[in-house]
Amino acid sequence: IGDRELLGESGDIIRSFQQCSATQNPLKHLETMLICRHMAPIAPDTLPCFPFTKFDPFLIHHCPHIIFTASTDQFHSQSFLHPHHS
């Protein structure tokens, strides 16, 4: 949108994170995705995923300005400065 990069997901990835994490906070899981620079770092353990051999379509090449997830029961927001971003 304009000059802002957005990255969104349906909620499936966050639900998978919650299955294998003590925290249920979706913002912490979105933060983990940004730190890992990967949309599905828990695949294929709790999230079914087709194996890719030549490229990984889940890599996050550019840190988005806004990242969001759907299918949550409440709205929350937080500012986050990526540790590798100057």
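Residues numbered from 1 in each chain as written. Predicted model: local features only at pLDDT ≥ 70, side-chain atom pairs only at ≥ 80, totals over all residues. Heavy atoms only, no water.

Right, let's get into the side chain of Glu31. Among the structural elements, Glu31 can be located in helix α2 (residues 26-36). Excluding residues within four positions of it along the chain, Glu31 makes contact with Gln78 and Phe80. (Helix = DSSP H or I, 4+ residues; strand = E, 2+ residues; numbered from the N terminus. Contact = heavy atoms within 4.5 Å.)

This part covers the nonpolar core. Ile13, Ile14, Phe17, Leu27, Leu30, Met33, Met39, Ala40, Ile42, Leu47 and Ile60 together form the largest nonpolar core, which totals 11 residues. Not counting residues within four places of it along the chain, the set of residues in contact with Ile14 comprises Glu9, Pro26, His29, Leu30, Met33 and Thr69. (Core = buried A, V, L, I, M, F, W, Y, C linked by side-chain atoms within 4.5 Å. Buried < 20%, exposed > 50% of the residue type's maximum accessible area, 1.4 Å probe, protein only.)

Attention now moves to the side chain of Ser16. Within the secondary structure, Ser16 is located in helix α1 (residues 12-19). A relative accessible area of 4% places Ser16 in the buried class. Apart from residues no more than four positions distant in its own chain, Ser16 is found in contact with Ile42, Thr46 and Leu47.

A complete count under the given rule lists three aromatic pairs for this structure. Both rings, one in Phe50 and one in Phe52, keep their centres 5.7 Å apart while their planes meet at 80 degrees; by these two values the pair is edge-to-face. Exposure remark for Phe50: the relative accessible area of 62% places this residue in the exposed category. Ring centres 5.5 Å apart and planes at 50 degrees place the aromatic pair Phe52 and Phe55 in the tilted group. Among the residues examined, Phe55 registers a relative accessible area of 52% and is labelled exposed. The rings of Phe50, Phe52, Phe55 and Phe58 are connected pair by pair, giving a single aromatic cluster. (Phe/Tyr/Trp six-rings, centres within 6.5 Å; stacked < 30°, edge-to-face > 60°.)

Bringing α1 into the picture now. Those residues of α1 that sit buried are Ile13, Ile14, Ser16 and Phe17. Mapping the buried residues of α1 onto a view down its axis gives an arc of 160 degrees, with all of them on the same face. Considering only its buried residues, α1 is in contact with β1 (6-9), α2 and β2 (66-69). (Arc of directions from axis to C-beta.)

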